[in-house]
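The lines below spell out each chain.
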Amino acid sequence: MLDVSMNNLQFAYDKELVLSGVDYHAKAGKFICFLGLSGCGKSTLLRLIGGLEKSDPEQLLVGGKPVYGPSLDRAMVFQDYSLFPWMTAGENITIALKQKYNRWSKHKRKEVALEWINNLGLDEDLFDKLPMNISGGQRQRFAVARAFAIDAPLLLMDEPFGSLDAVTTALLQDTILELWQKEKENRKTIFFVTHSVDEALLLATDIVVLGQAPSKIIYVQSFTEETKPKRETLYTDPAVLELRNRLIKIINDEIAEKAQRLKEEKSNALSGKSKGKKPLFFLRKKVN
Ligand SMILES: Nc1ncnc2c1ncn2[C@@H]1O[C@H](COP(=O)(O)OP(=O)(O)OP(=O)(O)O)[C@@H](O)[C@H]1O
């Protein structure tokens with residue numbers, strides 16, 4: 001179980017400021033879904049937590065410690081390219097197990113991998129196939145199986161079902177929820193990026209909406225076990241319907257505001273009235 005603290009977290013790619021001061025504390029065992037406009041910095045935030053980008057060590061703490069790089073404590077699942085294409089789907093799991101549990105025998109690694117393949121509803125015959133020879137849904141199941149198999153206390157998922165069909169997505173959403181809920185007191189902390197308000201409503205204990213870049217958090221909605229929306233009542237419960245409308249309005253307002261800002265910037269540029277944009281000096285932080 002790991003908690004995550006973002007303290008005025010700022011980040012820029014070269015001179016492009018993406019996060020302008022994110023303050024958030026995720027308690028261990030929560031399922032946090034990030035929503036926000038395309039380009040607002042959701043994936044960047046996930047990459048920072050995962051240690052794939054470097055932040056100021058004081059601005060981001062995982063389990064109370066600064067993030068200096070990737071770690072087996074933080075498993076990641078991306079929308080695409082989640083598996084190494086040159087290994088079989090099964091080896092993608094066993095290699096991760098070898099890294100995490102280097103004393104385990106080959107037999108034990110395969111046994112645990114097969115157990116997780118079964119947990120994800122996959123046919124064991126797929127173990128020896130290359131990722132290119134199985135379906136997109138099966139690849140994502142293998143990626144999720146790998147993430148759960150190494151038992152990382154923190155799971156980072158970036159639109160993991162974004163390219164899958166609706167039925168496969170629904171099945172995988174239910175599987176993830178079931179696996180996460182099953183752990184009771186020892187639940188993983190999950191950060192999950194999505195564009196779908198419904199997906200966030202279905203999965204999250206906490207929905208966090210980021211504003212347009214350079215972004216900050218503009219809205220947070222937390223649920224208890226009792227108030228957390230269920231699939232059966234996602235489209236009938238008046239409280240959930242009201243919340244869905246509120247979230248959609250927040251996002252639509254951001255879209256309208258961004259469109260207006262871009263229009264003004266374009267018109268200023270055309271009329272030569274550039275406001276003299278201030279240069280941004282928030283460069284990628286170097287951590288040694
Ligand atoms: N490696 C990179 N180098 C430079 N700029 C980047 C890099 N990755 C992302 N960006 C820029 O940072 C901003 C935030 O990107 P990010 O992918 O975090 O947004 P997002 O909210 O996840 O978007 P989407 O919902 O479209 O996936 C964008 O303007 C993007 O162009």
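A brief look at the structure comes next. What you see as residue numbers is a count from 1 along each chain, following the sequence as written. pLDDT decides what is reported in this predicted model: residues at 70 or higher carry local features, side-chain atom pairs at 80 or more are listed and counted, and totals for whole chains, interfaces and linings draw on all residues regardless.

### Some points on the pairing of strand E3 (residues 31-36)
For E3, a buried count of six out of six residues is recorded, marking the element as mostly surrounded by other parts of the structure. Between the buried cut of 20 or more and the exposed cut of 12 or fewer other C-beta atoms within 10 Å of a residue's own C-beta lies the partly exposed class, and all C-beta atoms are placed from the backbone. Helical segments are the DSSP runs of H or I of at least four residues, strand segments are the runs of E of at least two, and each set is numbered from the N terminus. Here E3 shows two buried faces, one formed by Phe31, Cys33 and Leu35 and the other by Ile32, Phe34 and Gly36. As defined by bridge partners, E3 adjoins strand E8 (residues 189-193) across four bridges and the pair is classed as parallel. Paired with isoleucine 32 across the bridge in E8 is phenylalanine 191. DSSP calls a pair of strands paired once it identifies at least 2 bridges connecting them. Where E3 meets strand E9 (residues 206-210), five bridges bridge the pair, whose relative direction is parallel.

### What to know about the sheet that holds strand E1 (residues 4-13)
Here four strands make up an open sheet; going across it, the order is E2-E1-E4-E5 and the pairing antiparallel. Strands at the two margins of the open sheet, each flanked by one partner only, are strand E2 (16-26) and strand E5 (65-66). Two elements, E1 and strand E4 (residues 60-62), share three bridges in a ladder whose sense is antiparallel. Counterpart to serine 5 in the pairing with E4 is leucine 61.

### Here's the deal with helix H7 (residues 238-270)
Given a rise of 1.5 Å per residue, 33 residues ought to cover 48 Å, and the 48 Å separating the end C-alpha atoms of H7 matches this to within 8%. The element H7 is barely covered by neighbouring structure, given that only two of its 33 residues are classed as buried. Within two residues after H7, glycine 272 carries a phi angle of roughly 70 degrees, on the positive side. Under the convention used throughout, the expected extent of a helix is 1.5 Å for every residue step, that is, one less than its residue count.

### Here we look at unusual backbone geometry
Glycine aside, residues mostly have negative phi, and peptide bonds are mostly found in the trans state. Here the amide bond leading from alanine 213 into proline 214 is cis, since omega sits at -5 degrees, within 30 degrees of zero. Even without glycine at this site, aspartate 14 takes up a positive phi of about 50 degrees. With respect to the helices and strands, aspartate 14 occurs in the loop between E1 and E2.

### Digging into the sheet that holds E3
In spatial order, the strands read E6-E7-E8-E3-E9-E10; together these six strands make up an open sheet with mixed pairing. Across the chains shown, the open sheet's two edge strands, defined by having one partner strand only, are strand E6 (74-77) and strand E10 (217-222). Within this sheet the neighbouring strands show an average axis-to-axis angle of 15 degrees, counted without direction. As paired strands, E9 and E10 are joined by five bridges and run antiparallel to one another. Looking across to E10, one finds that isoleucine 207 is bridged to glutamine 221. For every element, the axis is a line fit to its C-alpha atoms; helices are fit only across the contacting stretch, and the angle between N-to-C directions ranges from 0 to 180 degrees.

### Regarding the packing of helix H2 (residues 89-100) against helix H4 (residues 136-149)
Here H2 crosses H4 at 15 degrees, and the two axes come no closer than 9 Å. If you check the angle between H2 and H4, you find them roughly parallel. For the pair H2 and H4, the sense of crossing is right-handed. Contact with H2, carried on its side by Ala89, Asn92, Ile93, Ala96 and Leu97, involves Phe142, Ala145, Arg146 and Ala149 of H4 and no other residues of that element. Polarity classes work like this: nonpolar for Ala, Val, Leu, Ile, Met, Phe, Trp, Tyr, Cys and Pro, charged for Asp, Glu, Lys and Arg, and polar for all others, with Gly in that last group. Taken together, the residues of the contact of H2 with H4 break down into seven nonpolar, one polar and one charged. Here is the rule for angles: anything less than 35 degrees is roughly parallel, anything more than 145 is roughly antiparallel, 65 through 115 is roughly perpendicular, and the remaining ranges are oblique. Take the far helix as the reference: if the near one is turned anticlockwise from it by less than a right angle, the crossing is left-handed, and if turned clockwise, right-handed. Here the contact rule is simple: place C-beta atoms from the backbone, and any two residues whose C-beta atoms are within 7 Å are in contact.

### Quick look at the site of the ligand
To decide nearness, the C-beta atom of each residue is placed from the backbone, and the residue is near a molecule or strand if that atom lies within 6 Å of it. In the vicinity of the ligand, the contacting residues are Tyr13, Glu16, Val18, Gly36, Ser38, Gly39, Cys40, Gly41, Lys42, Ser43, Thr44 and Ala213. Among the elements of the structure, E2 and helix H1 (42-50) are those that each provide at least two residues to the shell around the ligand. Among the residues forming the shell around the ligand, the class breakdown is four nonpolar, six polar and two charged.

Limitation: the analysis is restricted to geometry and does not speak to function.
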